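Remarks on the overall topology
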Amino acid sequence: MALAPPPPGCPHTGPARRTVVQAAALAAAGLTTGLASTARAAEAPARPVAGPAAGPAAGPAAEPARRDTVPEALPLRTDRNAQGDILAGFRKDHACFLFLHFGDADKARRWLTALLPSISTTEEVGRFNQAFSRARRRSGGIDPASMATLWTGIGLTHPGLRLFAGKEPFPAAPPGSSAEAFTQGSAARAQQLGDTGTSAPQSWLFGAEEPGRAVHAVLTLAADQPERLAVAVAEHHAGTAEAGGMVLFRQDGATLPGALRGHEHFGFLDCISQPGVRGFDEPDPTDPASVLGKPGTRLIPAGEFVVGPERVNKRPTGLPAWATGGAFQVVRRLAQDVPGWWTQVALRLAELQRAGAAPADAGREWLGARLMGRWPGGMPVALCPAAEELPVPGKHPDVGLDYSQDPQGWRMPLFAHIRKGNPRGGLVLTPGRPPVAQAELDARRLMRRGIPYGPVYKPELGEEYGPQAARGLVFVCHQSDLVGQFELVMRKWVNDPDFPAGRNPRAGCDPVLGPDSAIAFETPSADGTGSRANTLHFGRFVRTEGSVYAFSPSLPVLRGLAKGELDASIEFHSGSVLRPGDVLDAGKARLTLDATGDLALLDTGGTRTWHTYTGGVGHDAVLTPEGELLVRDADGATVWSSGTGGHPGARLLLRPSGELVILDGKRVLWKASAS
């Protein structure tokens, strides 16, 4: 399942408190209202099994080592700081998610210290995946049985970060920001995410515990071999107990067996169209905007998935320094009522056939494909609407998938699950207006890492395969903007019956993942100049049974947390652009480029304690790759500089104490103070 305020005057009050993250969230809402070197590529080296307790090696069985070159333009492929599931992806047939709670901070930190050597990095996972894919091609598409490993990742919730750090991780959590959403947690935001009724937190298996039993950490274990995974899980249970903690919930997941391999429980091939990532995926020389070997897969700035690199439109994150190199992680258990959903599909198909809007000989897969957006074998209905076609071997089914020539949804319904979650080209917010630029949609993409759980639905095999068995999808995604990515997709796209907006009748909610909703099933008229709509009602047969917001910190940050250290300074990253009205909020101090173009530091009362005197000429502010803070005019000329050039990799931090500093390592190159 594929699833601008008035300018501040000294000593007058400055602009209303608004972070750049909140601004991004508001802009995101506007989408629905009118937008106009070398490295080893062989297997990872042997390493301890993930877990506090010692165990057998978890490295893959080695084939002869060899080198594959990694282009210098792909620095993220050699990243040994970011966790590996974010960009590279664990991609294993078996997984286990352990939701952990700790009662003592010191013991928890010792547990984390023991865990650190087993955390899988981007470089390690990416190198293994590349070698695995190479071996699979050599064997004609058969998984190489000699290559097997165990990956480990960790996400920390807001209570977890606070426990390990011994302090509040956010100096400020302004309204509308990802900091606010993360601090509140998914249970507190259930209403706006559509988790109501039978999906409400009161019935969740995890994520809605009492504060004294809150989830502190989500441990992700993924392996090729279930036996190896079982050993690791047992060791983690023991290690957690030894640290005075407890496993609040264990969620297993596994690829479905046999002919359903790669499918989700409703029976559709889960052809996740992952975005390409600049700096990680190699561009196509003939089309630099696409991934080499994956025509049509757009390359998206890495900052949309990992905090720190450049983002779409160079938007600042407004997040603390500890977030750099990490990503927000969403983990949800989505139960699927397979017989209920398919029975509903059959009933609605009969309605369409009686109305003459569906072929008389159509089976329920005909309508199911239109609800999902693809046939059970994976091909999108937009590419073969009349009947199912099998994907071309070695070619992703979604190659060439674009909705720009189908704004009315006559080939791919506007309500279809895969179109709701990723509108691609052709998203028209107002009929008759031009479609939204694809680049605007790039900022809403998610890096999804889900896996099915539970037995297949085959009641003929016994009661354990029947309708009462627990089955569904462990939905996992990574992103740098919790509000502007995951929450926007859920609130404004999946669960909004009026998305795309301005249709009469309304398109309806996602009939696979969304709440009870009426959908408008449109079919073109005989002459192709118009359409007619049949209204169908779809109930909810995918239920949320647990949800957690976590954050996957970088390895350096995890090492700091193991010592009780956490840098809560707000970081302004190189490659980001501060524009008029944007605010970086560190609680006791705020940095803003006001409406006149003056870069100013404000205290808690809004009084300017330092500014650049660039009012009237300043257009934006940037930190260059050489470590120099600049204010530029509309032509890009420098009108103010910190004079700190020549320090590649220098960082700009707004400290909760009120200082604005540029650091080269630990050396202060430049400082301004709000004290």
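Residues numbered from 1 in each chain as written. Predicted model: local features only at pLDDT ≥ 70, side-chain atom pairs only at ≥ 80, totals over all residues. Heavy atoms only, no water.

**Observations regarding the overall build of the chain**
The secondary structure content of the chain amounts to 14 helices and 29 strands. Looking at the chain residue by residue over its 675 residues, the buried ones come to 57%. For the chain, the exposed surface amounts to about 26000 Å²; the carbon and sulfur share of it is 53%. (Helix = DSSP H or I, 4+ residues; strand = E, 2+ residues; numbered from the N terminus. Buried < 20%, exposed > 50% of the residue type's maximum accessible area, 1.4 Å probe, protein only. Areas by Shrake-Rupley, 256 points an atom, 1.4 Å probe, with all protein chains shown as cover.)

**Considering the sheet that holds strand E26 (residues 638-641)**
Reading across from one edge, E19-E24-E25-E26 is the order of the 4 strands in this open sheet, with antiparallel pairing throughout. In the strand order of this sheet, the two ends are held by strand E19 (577-578) and E26, each with one partner. Here strand E25 (residues 629-632) pairs with E26 via 3 bridges, running antiparallel. By the bridge assignment, Val 631 is partnered in E26 with Trp 640. (Pairing = 2+ DSSP bridges.)

**Observations regarding the packing of helix H9 (residues 338-354) against helix H10 (residues 364-372)**
Closest axis-to-axis distance for the H9/H10 pair is 9 Å, and the angle between their directions is 105 degrees. One way to sum up the angle between H9 and H10 is to call them roughly perpendicular. The segment H9 lies against H10, with Trp 341, Trp 342, Val 345, Arg 348, Leu 349 and Leu 352 engaging Arg 364, Glu 365, Trp 366, Leu 367, Gly 368 and Leu 371. Residue classes in the contact of H9 with H10 are distributed as 8 nonpolar, 1 polar and 3 charged. (Axes fitted to C-alpha atoms, helices over the stretch in contact; angles between N-to-C directions. Parallel < 35°, antiparallel > 145°, perpendicular 65-115°, else oblique. Contact = heavy atoms within 4.5 Å. Nonpolar A, V, L, I, M, F, W, Y, C, P; charged D, E, K, R; others polar.)

**Topic: the packing of helix H3 (residues 105-115) against helix H5 (residues 158-165)**
Put simply, H3 and H5 touch, their axes get as near as 8 Å, and they point 100 degrees apart. In terms of axis orientation, H3 runs roughly perpendicular to H5. For the pair formed by H3 and H5, the contact residues are Ala 105, Ala 108, Arg 109, Trp 111 and Leu 112 on the first element and Leu 163, Phe 164 and Ala 165 on the second. Classifying every residue of the contact of H3 with H5 gives 7 nonpolar, no polar and 1 charged.

**What to know about the side chain of Arg 445**
Following the sequence through the fold, Arg 445 ends up in the loop between helix H12 (438-442) and strand E12 (447-448). Although Arg 445 lies buried, it forms no salt bridge, and the closest oppositely charged side chain, Asp 442, sits 5.7 Å away as judged by the N-O distance. When sequence neighbours within four positions are dropped, the list of residues in contact with Arg 445 reads Ser 273, Gln 274, Pro 275, Ile 300, Phe 305, Asn 422 and Gln 485. (Lys, Arg positive; Asp, Glu negative; His and termini not counted. Salt bridge = Lys/Arg side-chain N within 4 Å of Asp/Glu carboxyl O.)

**Concerning the side chain of His 647**
Mapped onto the secondary structure, His 647 falls in the loop between E26 and strand E27 (651-654). With near-sequence residues (within four places) excluded, His 647 lies in contact with Pro 625, Glu 626, Gly 627, Asp 664, Arg 667 and Leu 669.

**Structural notes on the confidence of the model for the chain**
As a general rule, the predicted coordinates of low-pLDDT regions are not to be interpreted in detail. Per-chain confidence: the chain averages 88 in pLDDT, with 89% of residues scoring 70 or above. Note that pLDDT drops below 50 for residues 1-67; the model gives that stretch 208 contacts with residues more than four away or on any other chain. (pLDDT = per-residue confidence, 0-100.)

**A short note on unusual backbone geometry**
Omega for the peptide link from Phe 499 to Pro 500 comes to -5 degrees, which places this bond in the cis form. Within the element layout of this structure, Pro 500 appears in the loop between helix H13 (483-494) and strand E15 (517-524). Backbone geometry places Lys 314, a non-glycine residue, at a positive phi of 55 degrees. Assignment of secondary structure puts Lys 314 in the loop between strand E10 (294-300) and strand E11 (327-336). The phi angle at Arg 424 is positive, at roughly 55 degrees, despite the residue not being glycine. With respect to the secondary-structure elements, Arg 424 resides in the loop between helix H11 (417-421) and H12. A residue is classified by how much of its surface remains accessible, and Arg 424, at 14% relative accessible area, is buried.

**Quick word on the pattern of salt bridges**
Any two side chains of opposite charge can pair if their charged atoms end up close together. Counting across every chain of the model gives 28 salt bridges. A salt bridge links Arg 189 to Glu 487; the nearest nitrogen and oxygen atoms lie 2.7 Å apart. Residue Arg 189 is located in the loop between helix H6 (178-184) and helix H7 (190-193), and its partner Glu 487 is located in helix H13; the two are separated by 298 residues in the primary sequence. Across this residue pair, the class does not change: Arg 189 and Glu 487 are buried. The partner of Lys 314 in a salt bridge is Glu 310, and the shortest N-O contact between them spans 3.0 Å. Owing to a relative accessible area of 34%, Glu 310 belongs among the partly exposed residues under this scheme.

**Observations concerning the packing of aromatic side chains**
For the structure shown, the criterion picks out 25 aromatic pairs. Considering the side-chain rings of Phe 268 and Trp 341, the 6.2 Å spacing of their centres and the 85 degrees angle between planes classify their relative orientation as edge-to-face. Of this pair, Phe 268 sits in the loop between strand E6 (245-254) and strand E7 (276-277) while Trp 341 sits in helix H9; the two residues are 73 residues apart in sequence, bridging distant segments of the chain. When the centroid spacing of 5.2 Å and the interplanar angle of 85 degrees are considered together, the rings of Trp 322 and Phe 551 count as edge-to-face. A residue pair is termed long-range when its members are at least 10 positions apart, and Trp 322 in the loop between E10 and E11 and Phe 551 in strand E17 (residues 542-552) qualify at 229 residues. Phe 551 carries the same exposure label as Trp 322, and that label is buried. Feature note: the residues Phe 170, Phe 182, Trp 322, Phe 328 and Phe 551 constitute an aromatic cluster, connected by ring pairs. In this arrangement the basic side chain of Arg 77 is found over the ring face of Phe 280, its NZ or CZ atom lying 4.0 Å from the centre. (Phe/Tyr/Trp six-rings, centres within 6.5 Å; stacked < 30°, edge-to-face > 60°. Lys NZ or Arg CZ within 6 Å of the ring centre and 35° of its normal.)

**Points about the sheet that holds strand E29 (residues 667-673)**
Strand order in this open sheet of 4 strands is E18-E27-E28-E29, and the pairing throughout is antiparallel. Single-partner strands in this sheet number two, and they are strand E18 (570-572) and E29. Taken over all neighbouring pairs, the strand axes of this sheet differ in orientation by 25 degrees on average, direction set aside. Bridge count for strand E28 (residues 659-664) against E29 is 6 bridges, and the pairing is antiparallel. The partner of Leu 660 across the bridge, within E29, is Ala 672.

**Some details on the nonpolar core**
Among the nonpolar cores identified, the biggest contains 96 residues, and Ile 154 and Leu 561 are the most heavily contacted of them. If you tally residues by element for this core, the top one is H13, at 7 residues. Those residues within four positions of Leu 561 in sequence are excluded, and the remaining contacts are Arg 109, Leu 112, Leu 156, Leu 161, Phe 164, Ala 165 and Leu 566. Val 631, Leu 660, Ile 662 and Ala 672 belong to the second largest nonpolar core, which has 23 residues in total. (Core = buried A, V, L, I, M, F, W, Y, C linked by side-chain atoms within 4.5 Å.)

**Focus: helix H8 (residues 226-242)**
Taking 1.5 Å per residue as the helical rise, H8 with its 17 residues ought to reach 24 Å, and the 24 Å between its terminal C-alpha atoms agrees with that figure. Positive backbone phi, approximately 75 degrees, marks Gly 244, located one or two places after H8. (Expected span 1.5 Å × (residues − 1).)

**A closer look at the pairing of E27**
Note: E18 against E27, 3 bridges, orientation antiparallel. Across the sheet, residue Ile 570 finds its bridge partner in E27, namely Leu 654. Between the end of E27 and the start of E28, which pair antiparallel, lie 4 residues, with Gly 658 showing a positive phi angle near 110 degrees.

**Observations regarding H9**
Taking 1.5 Å per residue, 17 residues should reach 24 Å; H9 reaches 25 Å between its end C-alpha atoms and fits that length. Among all positions in H9, only Val 338, Gly 340, Trp 341, Trp 342, Gln 344, Val 345, Arg 348, Leu 349 and Leu 352 are buried. Here the buried face of H9 lies against E11, H10, E15 and strand E16 (531-538). Regarding H9, its N-cap is Asp 337, as a side-chain oxygen of that residue lies 2.9 Å from the backbone nitrogen of Gly 340 further along. Looking one or two places after H9, you find Gly 356, whose phi comes out positive at around 75 degrees. (Polar contact = N/O pair within 3.5 Å; in protein donor to acceptor, adjacent residues only side chain to side chain.)

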